[in-house]
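If you want the building blocks of each chain, they are given just below.
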Amino acid sequence: GPVTAQNPAAGKPVDPASLTNVPRLVTAYFAGKPDTADPTQRVAFGTSGHRGSSLKNSFNENHILATTQAICDYRREAGLTGPLFIGIDTHALAEPALVSAVEVFAANGVEIMIDQHGGYTPTPVISHAILSYNKGRTAGLADGVVITPSHNPPEDGGYKYNPPHGGPADTDVTAKVEKAANAYMEADMNGVARMPYARARKAPSTHLHDYIRPYVADLGNAVDMALIKSSGVKIG
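It should be emphasised that the depicted structure is a prediction, and the values quoted were computed from it without experimental measurement.

## Let's talk about the overall build of the chain
Per the secondary structure count, the chain includes 9 helices and 7 strands. With the C-alpha coordinates aligned to their principal axes, the bounding extent of the chain is approximately 60 × 55 × 35 Å. When each of the 236 residues of the chain is scored for burial, the buried share is 45%. By sequence separation, contacts in the chain at least 24 residues apart represent 75% of the contacts at least 6 residues apart. Surface exposure of the chain reaches about 12400 Å², of which carbon and sulfur atoms provide 58%. Mean positive and mean negative side-chain charge positions of the chain (20 and 22 charges, respectively) differ by 5 Å.

Below, the structure is given as structure tokens:
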């Protein structure tokens with residue numbers, strides 16, 4: 001077959017210079033204060049949420065505090081009173097962003113579901129939790145947040161809102177959230193409610209949730225095991 005060009009770095013140890021400095025990244029998340037006059041440092045909420053890097057002042061504590069308050073406002077306006085399922089991926093900025101989000105959700109009295117093992121929850125697991133909870137309900141609907149920049153590089157963070165339909169929010173919702181979040185940042189975070197993380201974790205509205213077991217148990221409904229078996233694939 002044709003010879004494919006190989007990346008010169010293939011098969012070699014990673015050059016330390018190309019690794020992300022995680023302590024510096026996390027420090028910048030808390031220390032960096034975005035300048036709302038700079039368009040690259042504002043909250044920009046596309047369908048895949050707000051993404052950026054703390055080193056560029058585009059994904060910092062204030063972005064997440066302001067965006068979380070904007071989501072709390074939107075939930076009140078839309079009459080969403082069910083639980084909010086929140087999950088993170090393994091990007092370094094996901095853990096600090098989760099702390100910021102929990103502080104604001106707890107201060108707003110939002111019933112949040114965080115992973116009981118403090119683990120990582122892929123986007124489909126959060127969508128599944130939202131849809132499972134909402135099945136057969138017409139009121140008290142659940143929604144969710146996924147803290148992930150998806151396939152973006154290690155120094156990036158991402159913050160996505162999933163309404164009751166389980167998928168990413170539509171532009172009418174994201175436009176409201178983005179506008180409100182930037183207004184909070186312009187107002188020097190005035191109007192953003194938060195409480196210290198230790199208290200937020202113990203708040204009566206903060207719940208530990210088993211994400212993985214119900215998701216795995218329900219795979220049988222999503223995957224046709226009989227069809228796979230009949231094709232000659234050995235299962236188990």
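## What about the packing of aromatic side chains?
Tallying each qualifying case throughout the model produces 5 aromatic pairs. With a centroid separation of 6.3 Å and 40° between ring planes, the pair formed by tyrosine 29 and phenylalanine 59 is classed as tilted. Here the residue tyrosine 29 occupies a position in helix H1 (residues 22–31), and phenylalanine 59 occupies one in the loop between strand S2 (49–53) and helix H2 (61–78), the gap between them amounting to 30 residues. Take tyrosine 29: its relative accessible area is 0%, and that puts it in the buried class. Take phenylalanine 59: its relative accessible area is 0%, and that puts it in the buried class.

## Quick word on the nonpolar core
Judged by nonpolar contacts, the single largest core of 43 residues is most densely connected at Leu84, Ile86, Phe105, Val145, Ile147, Tyr159 and Tyr161. The set of elements that each furnish at least two residues to this core consists of H1, H2, strand S3 (84–88), helix H3 (94–107), strand S4 (112–115), strand S5 (143–147), strand S6 (156–162) and helix H5 (171–186). The element contributing the most residues to this core is H3, with 8 residues. Formed by 9 residues, the second largest nonpolar core is a distinct cluster that contains Phe85, Ile130, Val146 and Tyr211.

## Digging into the sheet that holds S6
Sheet architecture is open: 7 strands sit in the order S1-S2-S6-S5-S3-S4-S7, paired in mixed fashion. Two strands close off the open sheet at either side, each with one partner strand: strand S1 (45–46) and strand S7 (206–209). Where S1 lies against S2, 2 bridges are found, and the strand directions are antiparallel. Residue pairing across strands places phenylalanine 45 opposite histidine 50, the latter belonging to S2. Against the sheet, H2 makes contact with S1, S2, S3, S5 and S6, and its axis sits at roughly 5° relative to S6, the strand it touches most.

## Brief notes about H5
Between the first and last C-alpha of H5 there are 22 Å, a value that for 16 residues agrees with the 22 Å anticipated at 1.5 Å per step. Listing the buried residues of H5 in full gives Val173, Thr174, Val177, Ala181, Asn182, Tyr184 and Met185. Looking straight down H5, one finds that the buried residues subtend no more than 155° of arc, so they occupy a single side. Exposed and oriented more than 90 degrees from the buried face of H5 are Thr171, Asp172 and Lys179. At its buried positions, H5 is contacted by S1, H2 and S6.

## Some words on the layout of surface pockets
Of the volumes computed, that of the largest pocket is approximately 180 Å³. Every residue lining the largest pocket is counted, 14 residues in all, and those nearest its centre are Ile88, Leu98, Asp115, Gly118 and Gly119. Tallied by class, the residues present in the lining of the largest pocket amount to 6 nonpolar, 5 polar and 3 charged.

## Details of the pattern of salt bridges
This model, assessed by the stated rule, comprises 8 salt bridges. Across the pair lysine 33 and glutamate 61 runs a salt bridge whose closest N-O atoms are separated by 3.7 Å. Of this pair, lysine 33 sits in the loop between H1 and S1 while glutamate 61 sits in helix H2, and the two are 28 residues apart along the sequence. Look at glutamate 61 and you get buried, because its relative accessible area is 11%.

## Quick notes on helix H4 (residues 123–134)
For H4, spanning 12 residues, the distance from its first C-alpha to its last is 17 Å, which sits close to the expected 16 Å at 1.5 Å a residue. If you check which residues of H4 are buried, you get Val125, Ile126, Ser127, His128, Ala129, Ile130 and Asn134. Those residues of H4 that are buried lie in contact with S3, S5, S6 and helix H7 (212–217). Looking at the residues trailing H4, positive phi occurs at glycine 136, about 80°.

## So, the environment of arginine 24
Looking at where arginine 24 falls in the secondary structure, it is placed in helix H1. The class for arginine 24 is exposed, based on a relative accessible area of 56%. Expressed as a C-alpha distance, the spacing of arginine 24 and lysine 176, which sit 152 residues apart in the sequence, is 32 Å.

Definitions and limits used
- Residues numbered from 1 in each chain as written.
- Predicted model: local features only at pLDDT ≥ 70, side-chain atom pairs only at ≥ 80, totals over all residues.
- Heavy atoms only, no water.
- Helix = DSSP H or I, 4+ residues; strand = E, 2+ residues; numbered from the N terminus.
- Buried < 20%, exposed > 50% of the residue type's maximum accessible area, 1.4 Å probe, protein only.
- Contact = heavy atoms within 4.5 Å.
- Areas by Shrake-Rupley, 256 points an atom, 1.4 Å probe, with all protein chains shown as cover.
- Lys, Arg positive; Asp, Glu negative; His and termini not counted.
- Charge placed at Lys NZ, Arg CZ, Asp CG, Glu CD.
- Phe/Tyr/Trp six-rings, centres within 6.5 Å; stacked < 30°, edge-to-face > 60°.
- Core = buried A, V, L, I, M, F, W, Y, C linked by side-chain atoms within 4.5 Å.
- Pairing = 2+ DSSP bridges.
- Axes fitted to C-alpha atoms, helices over the stretch in contact; angles between N-to-C directions.
- Expected span 1.5 Å × (residues − 1).
- Arc of directions from axis to C-beta.
- 1 Å grid on protein atoms, 1.4 Å probe; cavity = no way out; pocket = protein on both sides within 12 Å on 5 of 7 lines; lining within 4 Å.
- Points joined across faces, edges and corners; volume = space filled by probe spheres on them.
- Nonpolar A, V, L, I, M, F, W, Y, C, P; charged D, E, K, R; others polar.
- Salt bridge = Lys/Arg side-chain N within 4 Å of Asp/Glu carboxyl O.

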